[in-house]
Amino acid sequence: MAASNQNLIGLPRAELENWFAATGEKPFRARQLMRWLYERGEVDWTAMSDLSLNLRETLATSVSLQLPAVDTRAQSADGTVKWSLDVGSGQRVEMVFIPEARRGTLCVSSQVGCAMDCPFCATGRQGFNRNLSAAEIVGQVVLAGRELGLEQGASRVTNVVFMGMGEPLANFRELVRACDVLTDDFGFGLSRRRVTVSTSGLVPQIDRLAAVSNVALAISLHAATDDLRDELVPINRKHPIAELLAACWDYAARTNSKQVTFEYIMLDGVNDSLGQARQLASLLQGHPAKVNLIPFNPVAGTPYGRTPQPRVDAFRKVLMDRGIVTVTRRPRGDDIDAACGQLAGSLRNKVRTPLSEKTMHTVNRT
Ligand code: SAH
Ligand code: SF4
């Protein structure tokens, strides 16, 4: 398999049908191939018994089915699994599987690094290297299925969240193609509610997404005033809160979504006062919104600390009393640095140094 051959993983069904048609094959070959790839996680042509031997031989020499390579795999005491994946040229991204009683959530990366520069985030501190292709995004889900199926038996991916490394809406085209495969009946067949795109708030892309997809939307809000959000989520300087929220309500209406999820990291003494809870409630009240309070996962070298639990509870109560559904996320996998915001693959062409000590063990593997 030559690495330069076109990789058919991650091609949306329409593109794959066109591809087969262009090679003189029947378009339904696309569905056959997708079943092998996404239902069974099969990437070996020789196993695809309903494709003729001739066709398999042609495909094996002209195209590829290439998955990201596993660099390391770490398992947390709570069952969370984190993989560091080699995506070529010394670049690594991370992917995390979080098993729960009735679902298994796979947190995938959309970029190598991130350009958004949020000061509390390990990925942001690395700077940006490149976008992942749809093949590399969908490849993570295929790979996780193979790894979990092979090694853990019962665990399987029921939900995919774009909360790994990168800003998914800054990689719009490949994100949309990947979501197409995730939600296609002949792809992973996940319902739109089980695929969540989390964004720091790229307003024009939220509008564009509503036109082409209806996956679940999550917004990394983290602050209820522009002054503070300008600091915590710098893209806010370009698209302030009012503009962002208007895009969210519009997204919910156009995609007929029950709600938009607002992620809010609780940063000790920064954004966690009861007054700030009331400001947040005023922004969201009467809108299709749900709040997810996230414990800050320590990233060495940042000035932030985790809000003590009693204050998280009091903050939550203010929101609940105003009728806003608010859940508190439990930290998962923090013993293996697999929690949100702790993902830090390695970048050969790092934009910024120094990396925190916490991320050095990953970097040193290159
Ligand atoms: N770039 C996108 C998606 C990836 S980040 C976004 O920002 O939404 C996924 C989530 O992890 C975001 O809500 C982000 O704010 C959060 N996060 C980043 N650093 C974190 C940290 N140190 N502790 C907890 N959550 C963090
Ligand atoms: Fe990028 Fe999200 Fe991290 Fe901000 S929180 S730097 S947008 S990955």
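A few points on the structure. (Residues numbered from 1 in each chain as written. Chains lettered and ligands numbered in written order. Predicted model: local features only at pLDDT ≥ 70, side-chain atom pairs only at ≥ 80, totals over all residues. Heavy atoms only, no water.)

**Brief notes about the site of ligand 2**
Note the following rule: By convention in these notes, a residue is near a molecule or strand provided one of its non-hydrogen atoms lies within 4 Å of it. Under the scheme applied, nonpolar residues are Ala, Val, Leu, Ile, Met, Phe, Trp, Tyr, Cys and Pro; charged residues are Asp, Glu, Lys and Arg; polar residues are all the others, including Gly.
Around ligand 2 lies a shell formed by C114, M116, D117, C118, C121, G124, G166, E167 and S200. Residues belonging to the shell around ligand 2 are distributed by class as follows: 4 nonpolar, 3 polar and 2 charged.

**What about the site of ligand 1?**
Using the following cut-off: Contacts described as polar in this section are N or O atom pairs within 3.5 Å, which, within protein, must combine one atom able to donate a hydrogen with one able to accept it, while residues neighboring in sequence count only if both atoms come from side chains. Surface exposure here means Shrake-Rupley accessible area, sampled with a 1.4 Å probe, where a residue is shielded only by the protein chains that are shown.
Looking at ligand 1, there are 22 residues lining it, with G166, S198, S220, H222 and E263 nearest. Contact distances for ligand 1 include 2.6 Å between an oxygen atom and a side-chain N or O atom of S198. H222 is positioned with one of its side-chain polar atoms (N or O) 2.6 Å from an oxygen atom of ligand 1. In isolation ligand 1 offers 530 Å² of accessible surface; the protein chains occlude 95% of this area.

**Some points on the packing of helix α7 (residues 203-212) against helix α9 (residues 241-254)**
Helix-helix packing is characterised by the crossing angle of the two axes and by the distance between the axes. Short version of the rule: Comment: axis = line fitted to C-alpha atoms, over the contacting stretch for helices; angle = value between 0 and 180 degrees taken between N-to-C directions. Under the scheme used here, helices are H or I runs from DSSP no shorter than 4 residues and strands are E runs no shorter than 2 residues, and both carry numbers assigned from the N terminus. Orientation labels follow simple angle bins: below 35 degrees gives roughly parallel, above 145 gives roughly antiparallel, 65 to 115 gives roughly perpendicular, and whatever is left gives oblique. In what follows, a contact means two residues having at least one pair of non-hydrogen atoms within 4.5 Å.
Contact pair α7 / α9: the axes reach a minimum separation of 9 Å and the direction vectors enclose 5°. Taken together, the axis directions place α7 and α9 in an arrangement best described as roughly parallel. Note on element contacts: α9 touches α7 through E243, L244, A247, D250, Y251 and R254, opposite V203, I206, D207, L209, A210 and A211.

**Observations concerning the sheet that holds strand β11 (residues 216-220)**
For the record, the criterion: For two strands to count as paired, DSSP must find a minimum of two bridges between them.
With respect to topology, 10 strands assemble into an open sheet ordered β3-β4-β5-β6-β9-β10-β11-β12-β13-β14, the strand pairing being mixed. Looking at the sheet topology across the chains shown, the edges are occupied by β3 (69-75) and β14 (325-328). Direction aside, neighbouring strands of the sheet carry axes that sit 20° apart on average. Bridge count between β3 and strand β4 (residues 81-86): 6 bridges; the pairing is antiparallel. Bridged to V70 within β4 is L85. Across the sheet, helix α11 (residues 309-321) touches β12 (260-266), β13 (289-295) and β14, and the angle it forms with β14 is around 165°.

**Concerning the layout of surface pockets**
Where we set the bar: Residues are called lining when one of their atoms sits within 4 Å of a cavity or pocket point, these points coming from a 1 Å grid over the protein atoms alone, where a cavity is a set in which a 1.4 Å probe fits but cannot get out and a pocket is an open set with protein on both sides within 12 Å along at least five of seven lines. Grid points are joined across faces, edges and corners, and a volume is the space filled by probe spheres set on the points. The split of the chain into domains comes from an automatic or database domain assignment.
Computed from the structure, the second largest pocket encloses a volume of approximately 420 Å³. Every residue lining the second largest pocket is counted, 23 residues in all, and those nearest its centre are Y38, E39, R156, V157 and F188. Elements represented by at least two residues in the lining of the second largest pocket include exactly α2 (28-39) and α5 (134-152). No other element matches α5, which puts 6 residues into the lining of the second largest pocket. Tallied by class, the residues present in the lining of the second largest pocket amount to 9 nonpolar, 8 polar and 6 charged. Split by domain, the lining of the second largest pocket shows at least three residues from each of two domains, domain 1 (6-64) and domain 2 (69-364).

**As for the packing of aromatic side chains**
The way to describe two aromatic rings as a pair is by their centre distance and the angle between their planes. The cut-off we apply is this: Only Phe, Tyr and Trp rings are paired, with Trp represented by its six-membered ring, and only when their centres lie within 6.5 Å; those with planes under 30 degrees apart are stacked, over 60 edge-to-face, the remainder tilted. Lysine and arginine charges are scored as sitting over a ring when NZ or CZ, respectively, is within 6 Å of the ring centre and within 35 degrees of the ring normal.
Going through the model one piece at a time under the given rule, you end up with 5 aromatic pairs. Lying over the aromatic face of F186, R31 brings its terminal NZ or CZ to 5.8 Å of the ring centre. R40 extends its terminal NZ or CZ atom over the ring of W36, reaching a point 3.9 Å from the ring centre.

**Here's the deal with the nonpolar core**
For clarity, the cut-off: The set of buried Ala, Val, Leu, Ile, Met, Phe, Trp, Tyr and Cys residues whose side-chain atoms join them within 4.5 Å is what this entry labels a nonpolar core. Think of it in three bands: with a 1.4 Å probe and only protein chains considered, a residue is buried below 20% of the maximum accessible area for its type, exposed above 50%, and partly exposed in between.
Judged by nonpolar contacts, the single largest core of 104 residues is most densely connected at L8, L106, F162, F262 and L284. Both domains that meet at this core, namely domain 1 (6-64) and domain 2 (69-364), each give it at least three residues. Judged by nonpolar contacts, the second largest core, of 5 residues, contains V96, V161, M163 and A218.

**Structural notes on helix α3 (residues 53-62)**
Stated precisely, the cut-off is as follows: As used here, the arc is the angular range of directions from the helix axis to the C-beta atoms.
Of the residues making up α3, those classed as buried are L55, R56 and L59. Projected onto a plane normal to the axis of α3, the buried residues spread over an arc of 100° and lie on a single side. Away from its buried face, by an angle of more than 90 degrees, α3 presents the exposed residues L53, N54 and T61.

**Quick word on the side chain of R56**
As for its placement among the helices and strands, R56 is situated in helix α3. Discounting chain neighbours no more than four positions away, the residues touching R56 are W45, T46, M48, S49 and L51.

**A closer look at unusual backbone geometry**
Located in the positive-phi region is S89, a residue other than glycine, with phi close to 50°. Position of S89 among the secondary structure elements: in the loop between β4 and β5 (92-99). At D117, a position not held by glycine, the phi torsion is positive, near 70°. Mapped onto the elements, D117 comes out in the loop between β7 (111-113) and α4 (122-126). On the basis of relative accessibility, which here comes to 38%, the residue D117 falls in the partly exposed class.

**Points about the pairing of β14**
Convention followed: A clockwise course of the path from the first strand over the helix to the second, judged with the strands pointing away from the viewer, identifies a crossover as right-handed.
Across 4 bridges, β13 lies against β14 in parallel orientation. Bridging across to β14, L293 finds its partner in T328. Once you follow β13 into α11 and on to β14, the crossover reads as right-handed.

**Topic: the pattern of salt bridges**
Going by this rule: Salt bridges are defined by distance alone: a side-chain nitrogen of Lys or Arg within 4 Å of a carboxyl oxygen of Asp or Glu.
For the structure on display, the rule yields 17 salt bridges. As a salt-bridge pair, E100 and R103 come within 3.1 Å of each other at their nearest N and O atoms. Judged by its relative accessible area of 35%, E100 falls in the partly exposed class. One salt bridge in this structure joins D321 and K317, with 2.8 Å as the shortest N-O distance. Taken together, the residues span about one helical turn, with D321 and K317 both in helix α11 at a distance of 4 residues. Linked by salt bridges that have partners in common, E15, R173, E174 and R177 make up one network.

The values reported here are purely geometric and, on their own, carry no functional implication.
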